[in-house]
Amino acid sequence: MTATEAKVTSVVLTYALGATAAVCVAVAAGAVAGAVTALLLLVASVVFFTRVFRGESEDAHAPRPWWRLSERPRAGFVLAALFAAEAIWLAFSLPSGTGDGASDSVSAEISAALRIAAVAVSALVALAFLNSSIRLMGRGLGLRAPEVLGDRHVGR
């Protein structure tokens, strides 16, 4: 998939469906199950979209190297920054779940584990995009968009 409109639509719909699914699971099975569902859907979405989304200068049918998550380094740097910001936000914004009773203690431990998992997932996704962009820069793909000349793409 190379069309920008299709990519944006896919991400927005996936986010909306994922949030809805996580809320439904949370209502049916509890907040912990909902949070775990949200994390799993995030990882699945990132893996799926980095394999399916392609840039105009990429062969849509050729397999992408495992480390390559974007067409150009700039996109990867932007996504790395967004996921790093999300990790930082999650680290400082999630409720701590502290309380006095035994059940509150278990709840606090679960909350802390979920916080660590959410921060770790976002941080790992950020590092994966950063790694991809650094490797693309090493292959001579600069931050500028490729120039398109008819059917040829300059700057591969």
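Residues numbered from 1 in each chain as written. Predicted model: local features only at pLDDT ≥ 70, side-chain atom pairs only at ≥ 80, totals over all residues. Heavy atoms only, no water.

1. Some details on the packing of aromatic side chains
One pass over the structure, following the stated rule, counts three aromatic pairs. Judged by centre distance (4.7 Å) and plane angle (25 degrees), the ring pair of phenylalanine 49 and phenylalanine 53 falls under stacked. In terms of burial, phenylalanine 49 and phenylalanine 53 fall into one category: buried. Ring geometry for phenylalanine 83 versus phenylalanine 129: centroids 6.0 Å apart, planes at 5 degrees, classification stacked. Of this pair, phenylalanine 83 sits in helix H3 (residues 73–93) while phenylalanine 129 sits in helix H4 (residues 102–138), placing them 46 residues apart in sequence. One aromatic cluster in this structure is built from Phe48, Phe49 and Phe53. (Phe/Tyr/Trp six-rings, centres within 6.5 Å; stacked < 30°, edge-to-face > 60°. Buried < 20%, exposed > 50% of the residue type's maximum accessible area, 1.4 Å probe, protein only. Helix = DSSP H or I, 4+ residues; strand = E, 2+ residues; numbered from the N terminus.)

2. Remarks on the packing of helix H1 (residues 4–29) against helix H2 (residues 31–52)
Running from N to C, H1 and H2 point in directions that differ by 160 degrees, and their axes come no closer than 7 Å. Judged by the inter-axis angle, H1 sits roughly antiparallel to H2. The handedness of the crossing between H1 and H2 is right-handed. For the pair formed by H1 and H2, the contact residues are Ser10, Val11, Thr14, Gly18, Ala21, Ala22, Val25, Ala26 and Ala29 on the first element and Ala31, Ala33, Gly34, Thr37, Ala38, Leu41, Ser45 and Phe49 on the second. The class makeup of the residues in the contact of H1 with H2 is 11 nonpolar, six polar and no charged. (Axes fitted to C-alpha atoms, helices over the stretch in contact; angles between N-to-C directions. Parallel < 35°, antiparallel > 145°, perpendicular 65-115°, else oblique. Left-handed = near helix turned anticlockwise from the far one by under 90°. Contact = heavy atoms within 4.5 Å. Nonpolar A, V, L, I, M, F, W, Y, C, P; charged D, E, K, R; others polar.)

3. Some words on the environment of leucine 114
Relative to the helices and strands, leucine 114 is located in helix H4. Separated by 78 residues in sequence, leucine 114 and valine 36 have C-alpha atoms that sit 7.7 Å apart. Aside from chain neighbours lying at most four places away, what touches leucine 114 is Val32, Ala35 and Val36.

4. A word on the layout of surface pockets
Considered as a void within the structure, the second largest pocket measures approximately 190 Å³ in volume. In terms of lining, the second largest pocket is formed by Val43, Val46, Val47, Thr50, Arg51, Trp66, Leu69, Val121, Leu124, Val125 and Ala128. Of all the secondary structure elements, the ones that give two or more residues to the lining of the second largest pocket are H2 and H4. The element contributing the most residues to the lining of the second largest pocket is H2, with five residues. Grouping the amino acids of the lining of the second largest pocket by side-chain chemistry returns nine nonpolar, one polar and one charged. (1 Å grid on protein atoms, 1.4 Å probe; cavity = no way out; pocket = protein on both sides within 12 Å on 5 of 7 lines; lining within 4 Å. Points joined across faces, edges and corners; volume = space filled by probe spheres on them.)

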